[in-house]
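# Chains, contacts and geometry: an overview
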Amino acid sequence: MRSDVTGEDGTPLVAIHRLDPATHADDANAFFEAAGLGRPVRPNEPNAQLQTLAYQVDGEGGILGAAYAMSPSQAAESLYFGGMTREDAFSIATRIVGIEAVYVHRDLRGREFGKDLIDAVEEQARVGGIEYLIAHVEADAPRLHEFYRSLGFVVKAIGDPLTVEGTPLPFTEDYLDAVKVLVGSPTVAVR
């Protein structure tokens, strides 16, 4: 872990845990809802093992931070509505994970905790054979752009839509896309 949330003896005071969406969706959704991020965890999602799931940071005070990545069917919907065939969209979506929400309690911000959460999502994505991590980032949040750049993401410019196999993903001018390649030779073209 990169973060400095440790006791005097160097022992971590918090830990990052992968949550199974089928059994922990209510807890994760309650946390995200309290942070104003809605209820993104869908426990009955097809391909739930690729959902790259919710992560929680546990300490004496309960959940202190979380990251949640978009499920394959949500990515497939975006590709399908962008003009791709349903079959192609679902095939490709199993190789792309979109980071949907990241939240760190205000007392832990600036201590590399968000990076630890994204690292945990990336590790699970690599294990699941995912080729790309994609994050939709607010256009007017330069600190967030720098955060993703520091983790190896390429942050696209406003008006430069992300394309997957030539299909542009729907976007608004309020968001930018940040992309990170996880494998040496991806089988899907994301630009």
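Below: a short report on this structure.

Under the criterion given, the structure shown has four salt bridges. The partner of Glu112 in a salt bridge is Lys115, with the nearest N and O atoms 3.8 Å apart. For Lys180, the salt bridge identified is with Glu122, shortest N-O distance 2.8 Å. Within this pair, whereas Lys180 is found in strand β9 (residues 175-181), its partner Glu122 is found in helix α4 (residues 113-127), the two being separated by 58 residues in sequence. By the burial criterion, Lys180 is buried, and Glu122 matches it.

A separate point is the packing of aromatic side chains. Considering all chains together, one arrives at three aromatic pairs under this definition. Between Phe147 and Tyr148 the ring centres are 5.1 Å apart and the planes differ by 80 degrees, which places this aromatic pair in the edge-to-face class. For the pair Phe147 and Tyr148, a shared accessibility class is recorded, and that class is buried. A connected cluster of aromatic rings, assembled from ring pairs, spans Phe147, Tyr148 and Phe153. Over the ring of Tyr80 we find Arg86, and its NZ or CZ is 4.3 Å from the ring centre.

This part takes up the pairing of β9. Counting buried residues along β9, five of its seven residues qualify, which places the element largely inside the surrounding structure. Inspection of the sheet shows strand β5 (residues 132-138) paired to β9 by seven bridges, in the antiparallel sense. Counted as the bridge partner of Leu133 is Lys180 from β9. Strand direction decides the pairing type here: strand β6 (residues 154-155) and β9, joined by two bridges, are antiparallel. Each residue of the ladder has a partner; that of Val155, found in β9, is Ala178.

Turning our attention to the pairing of strand β4 (residues 96-104). Across the nine residues that make up β4, a large majority, seven, are buried. Here four bridges tie β4 to β5, and the two strands are oriented parallel to one another. Residue pairing for β5: Val97 is matched across the bridge by Leu133. The β-α-β motif built from β4, the intervening α4 and the parallel element β5 has right-handed crossover chirality.

Parameters and conventions
Residues numbered from 1 in each chain as written. Predicted model: local features only at pLDDT ≥ 70, side-chain atom pairs only at ≥ 80, totals over all residues. Heavy atoms only, no water. Salt bridge = Lys/Arg side-chain N within 4 Å of Asp/Glu carboxyl O. Helix = DSSP H or I, 4+ residues; strand = E, 2+ residues; numbered from the N terminus. Buried < 20%, exposed > 50% of the residue type's maximum accessible area, 1.4 Å probe, protein only. Phe/Tyr/Trp six-rings, centres within 6.5 Å; stacked < 30°, edge-to-face > 60°. Lys NZ or Arg CZ within 6 Å of the ring centre and 35° of its normal. Pairing = 2+ DSSP bridges. Right-handed = clockwise from strand over helix to strand, strands pointing away.

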